[in-house]
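Residues per chain, in single letters:
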Amino acid sequence: MPHRITDPRERAEAQLRITEERFRQIFENAAVGIAEVGADGRFVMVNGTLCEITGYSRHELLQRSFQDITHPDDLTADLELAERLARGELQQYSMEKRYIRKDGEVVFVNLSGSAVRSANGEFMHYVAVVEDITDRKRAAEALRQSEQQFRSVFEHAATGIAIADMDGQFMQCNPAYEKLVGYTEAELHGMRFGDLVHPDDRAENMRRTLELRRGLVPHFEIENRYVRRDGSSVWVRKFLSVLHDDQDAPVRVMALVSDITSERERQQMEREAMRQKDEFIAVLAHELRNPLAPIRTSVAVLRTLGATDPALERCRDVIDRQVTHMARLIDDLLDVSRLSRGELRLQRAPASLGAIVTQAIELAEPFIHQQRQRLVVGGPPDGFIIDADAARLTQVLGNLLHNAAKYSPPDTEIHLTVAIEDGEVVIAVRDQGLGIPASQLTRVFDLFAQTDNARELSKGGLGIGLALAKRLVDMHGGSITACSDGPGRGSTFTVRLPAATDAQRTTALEPSQQAADRTPPQARRVLVADDNADAAEMIAMLFELAGCEVRQVHDGESAVLEAERFRPDLVILDIGMPGMDGHEACQQIRRAPWGASMTVVALTGRGQDADRQLSALSGFDQHFVKPVDTDALLHLLQR
Ligand code: ADP
């Protein structure tokens, strides 16, 4: 049975004991270490938490002074403050210091010291409240170290780093950035990222930055020029990204910037070297073309004369074939140099698909016959018109037919089919020849590509034709593909082109009707002007054999004089002549009252768009590129 306390004094004492016990519990288990320390520094009373912090048992602590366990480096400061507290100069003090634990480890604590005084104000002892801040200290230290590391990276990085607010206002940059732009960080304050960008590059830079700021992209990379403080330009590659805060809100824009001026200069030099090479190829091809012109015309003249000796006839045919082949190679070479200079352009107009196919066949047929192969043609539907550069498409088809013959043995068939399928013109050239290994079906369209089996066959060729064909078909908005069942099993090349609209179809009908009513050639007066006497002679002979009355001159001035005297129906003018060139001569003829109705054509080695435009401006009716197709020249008589 529990003992009941009835005596009030006893009750009060019991109450006091309970209160004391409570205080003891609080003291003992407080979150902080608490100690009563004598004037000499000895621990008089310590709680459990202080024992935990220091690693000593209560008994061990009570045998020690705070001086014994304080880190030697912190002792002087602690003693000094304690003495001032004892003297009454301080009411209390607070400091961070280190203890050396019993196990030798260092603990960081926050110490609050105060003094207990007697009723008459005499110092009796210290009370120390000790908070373990080791974890906090360590975390702060780790943070400091990591910040120092990042700062060091920032300071020493070879890449320029700049940070701006979301409006692009500069906040911070590293020395590499300062060096790159020539401004100090202080000078950049008050400026914006965009201010450094070269005026010509600003629009694009602004567009991309806006996308970034609106959160449409997380980052972007751009190459542009910066204008440095001294006004010079520097090419930079910039990587811009947005930095976010803890709540994931965008707060900063960071730019990583590297100087690529020398890289750009090297690229520029490489481009210049390429340009020079292309220029050289263009000039070379042009120069090679000129001597071909009179050879070709001579062959045409020989043919017109009719050979008496079969041996002569054979020689003439050999020359014809080889010159034609050489002209093709040179033309391809010229086109390649145009292709790499981005100067390959189409002259699109509504054109008869039938005429294109016929011309391509005419181009390739002599070679197919020579190979003793048979061409089987299917389509196209009559009167079908496409929007195309007829000459270029003829070149593409001619090339496919030529290849089909070149890479097939004698006594095989080549099938050309032209059809309209789902609003597309589909042209297929199928042969029964060499075939193409599956792995090389797409590679054949690369520039200078030749399949291994074709190389062994050593048929000659530069590997240009299909690359050009692909580019030309692409430019028409179409596609070209190759397929083959493998080596020895033939190949099929398929060209797909968008068909023209109805409107285009009707516009084109007129010229084809015009072509229908051709009048037979009749005797005409022809004036030929070319500073290359052989070339002039051959063309003159060609027209004489066609029954024309022909005069020859070798410079521009004579051409104008002779045109006035002779009043030819047709004037054929070389462009590059000493003194007055073909353009000037044509302009003078056109200005004369007698010259307006003459047919004046340019005959030149230059066939680029700009050259053709210039000819049209000078008043030429047509522009022929050497070596000219003699049939096309004679065709002029039918105008
Ligand atoms: P070239 O015929 O002058 O070498 P092309 O660009 O016209 O250049 O052709 C590239 C390559 O594609 C050829 O060298 C040949 O290997 C292959 N090729 C083209 N057409 C055919 C074909 N009809 N049959 C087999 N291989 C072909």
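Residues numbered from 1 in each chain as written. Predicted model: local features only at pLDDT ≥ 70, side-chain atom pairs only at ≥ 80, totals over all residues. Heavy atoms only, no water.

## Details of the overall build of the chain
The condition that has to hold: The secondary structure listing takes helices from DSSP runs of H or I that are at least 4 residues long and strands from runs of E that are at least 2 residues long, numbered from the N terminus. Each radius of gyration reported is based on C-alpha atoms, and the globular scaling rule is 2.2 Å times the count of residues to the power 0.38. Throughout, exposure labels follow a simple rule: accessible area from a 1.4 Å probe, protein chains only, divided by the maximum for the residue type, with under 20% read as buried, over 50% as exposed, and the rest as partly exposed. Contacts are residue-level and defined by heavy atoms, with any inter-residue pair within 4.5 Å sufficient.
Of the regular secondary structure elements, the chain holds 22 helices and 22 strands. Expected size for 639 residues packed as a compact globule is a radius of gyration near 26 Å; at 48 Å, the chain overshoots this value by more than 25%. With the principal axes as the frame, the chain shows a C-alpha extent of 155 × 65 × 45 Å. Per-residue burial over the chain gives 41% buried out of 639 residues. By sequence separation, contacts in the chain at least 24 residues apart represent 57% of the contacts at least 6 residues apart.

## Describing the environment of G104
Tracing the backbone through its elements, the reader meets G104 in the loop between strand 3 (92-100) and strand 4 (106-117). Sequence separation between G104 and I427 is 323 residues, and the spatial gap between their C-alpha atoms is 91 Å.

## Digging into the sheet that holds strand 12 (residues 374-378)
Short version of the rule: Two strands form a pair only when DSSP identifies at least two bridges running between them. Note on method: axes are straight lines fitted to C-alpha atoms, helices fitted across the in-contact stretch only, with angles between N-to-C directions ranging 0 to 180 degrees.
In space, the 5 strands of this open sheet follow the order 12-14-15-17-16, with mixed pairing throughout. Here the strands that pair on one side only, and so sit at the sheet edges, are strand 12 and strand 16 (479-484). Put simply, the sheet's adjacent strands are angled 15° from each other on average, direction ignored. Pairing geometry for strand 14 (residues 413-421) and strand 15 (residues 424-430), over 7 bridges, is antiparallel. Counted as the bridge partner of L416 is V429 from strand 15. Strands in contact with helix 12 (residues 353-370) are strand 12, strand 14 and strand 15; relative to strand 14, the strand with the most contacts, it is inclined by about 170°.

## Topic: the packing of aromatic side chains
In plain terms, the rule: Between the rings of Phe, Tyr and Trp (Trp by its six-membered ring), a pair exists once the centres lie within 6.5 Å; its type follows the angle of the planes, with under 30 degrees stacked, over 60 edge-to-face, and the other angles tilted. Only Lys NZ and Arg CZ are tested; either one counts as a charge over a ring when it is within 6 Å of the ring centre and within 35 degrees of the ring normal.
Overall, the coordinates contain 5 aromatic pairs when judged by the stated rule. Among the aromatic residues, those joined into a ring-pair cluster are F170, Y177, F193 and Y226. R264 extends its terminal NZ or CZ atom over the ring of W235, reaching a point 3.8 Å from the ring centre.

## What about unusual backbone geometry?
Of all residues except glycine, most have a negative phi; of all peptide bonds, most are trans. Backbone geometry at R372 places phi at a positive 55°, although glycine is not the residue there. Judged by relative accessible area, which is 53%, R372 ranks as exposed. Of note, the phi angle at R567 is positive, near 50°, even though the residue is not glycine. Relative to the assigned elements, R567 resides in the loop between helix 19 (556-566) and strand 20 (570-574).

## Focus on the packing of helix 13 (residues 390-406) against helix 15 (residues 465-475)
Rules: In a left-handed crossing the near helix is turned counterclockwise from the far helix by less than a right angle, and in a right-handed crossing that turn is clockwise.
At their nearest, the axes of helix 13 and helix 15 sit 10 Å apart, and the two run at 145° to each other. Handedness of the helix 13/helix 15 crossing: left-handed. On helix 15, the residues touching R392, Q395, V396, N399, L400 and N403 of helix 13 are G465, L466, L468, A469, L472 and V473.

## Looking at the pattern of salt bridges
When the charged atoms of two side chains with opposite charge come close together, those side chains can pair. For the record, the criterion: Just to be clear on terms, a salt bridge is a Lys or Arg side-chain nitrogen sitting within 4 Å of an Asp or Glu carboxyl oxygen.
Tallied over the entire structure, the rule returns 40 salt bridges. Residue R551 pairs with E562 through a salt bridge whose shortest N-O separation is 2.9 Å. With a gap of 11 residues between them, R551 in strand 19 (residues 549-553) and E562 in helix 19 connect regions that are remote in the sequence. Residue classification places E562 among the buried positions, given a relative accessible area of 10%.

## Brief notes about the site of the ligand
Rules: Nearness of a residue to a molecule or strand requires only that one of the residue's heavy atoms be within 4 Å of it. Residues adjacent in sequence count toward polar contacts only when both atoms are side-chain atoms; beyond that, a polar contact is any pair of N or O atoms within 3.5 Å, and within protein one must be able to donate a hydrogen and the other to accept it. Polar here means any residue outside two lists: the nonpolar Ala, Val, Leu, Ile, Met, Phe, Trp, Tyr, Cys and Pro, and the charged Asp, Glu, Lys and Arg; Gly therefore counts as polar.
With respect to spatial proximity, 21 residues lie near the ligand, and among them N403, Y407, D431, T451 and L466 are the closest. One of the side-chain N or O atoms of Q450 is found 3.0 Å from an oxygen atom in the ligand. Interatomic distance of 3.2 Å between a side-chain N/O atom of S491 and a nitrogen atom of the ligand. Elements that contribute at least two residues to the shell around the ligand include exactly helix 13, helix 15 and strand 17 (491-498). Among the elements that make up the shell around the ligand, the one with the highest residue count is helix 13 (4 residues). Considered class by class, the residues forming the shell around the ligand number 10 nonpolar, 9 polar and 2 charged.

## With respect to the pairing of strand 3
If a strand is regular, its side chains alternate between the two faces of the sheet. Burial along strand 3 is one-sided: the residues Y93, M95, K97 and Y99 are buried and none of Q92, S94, E96, R98 and I100 is. In this sheet, strand 4 lies alongside strand 3 in antiparallel orientation, the contact comprising 9 bridges. The residue of strand 4 that forms the bridge with E96 is N110. Between strand 3 and strand 4, which pair antiparallel and follow one another directly, the connecting turn spans 5 residues, one of which, G104, has a positive phi of 90°.

## Details of helix 18 (residues 533-545)
Count 3.6 residues to each turn of an α-helix, and residues three or four apart come out pointing the same way. Worth spelling out the cut-off: Here, expected helix span is obtained from the residue count minus one, scaled by 1.5 Å.
For helix 18, which comprises 13 residues, the first-to-last C-alpha distance of 18 Å matches the rise-based estimate of 18 Å (1.5 Å per residue) to within 8%. All of the buried residues along helix 18 are A535, A536, M538, I539, A540, L542 and F543. Against the buried residues of helix 18 lie helix 10 (261-305), strand 18 (525-529), strand 19, strand 20, strand 21 (599-604) and helix 22 (630-635). At the N-terminal end of helix 18, a side-chain oxygen is found 3.1 Å from the backbone nitrogen of D534, two or three residues along, and the residue is N532. At the exit of helix 18 stands G547, carrying a positive phi of roughly 95°.

## Examining the domain arrangement of the chain
Think of interface size as the accessible area that goes away when the parts come together; that is how it is often given. Basically, it comes down to this: Note: domain ranges come from an automatic or database domain assignment.
Domain parsing of the chain yields domain 1 (31-138), domain 2 (157-259), domain 3 (349-505) and domain 4 (520-638). Centre-to-centre, using C-alpha coordinates, domain 2 lies 52 Å away from domain 3.

## Considerations on helix 21 (residues 609-618)
When we look at burial in helix 21, the residues that qualify are D609, D611, S615 and S618. On its buried face, helix 21 is in contact with helix 20 (582-591), strand 21 and strand 22 (622-625). Looking one or two residues beyond helix 21, the residue adopting positive phi is G619, at roughly 105°.

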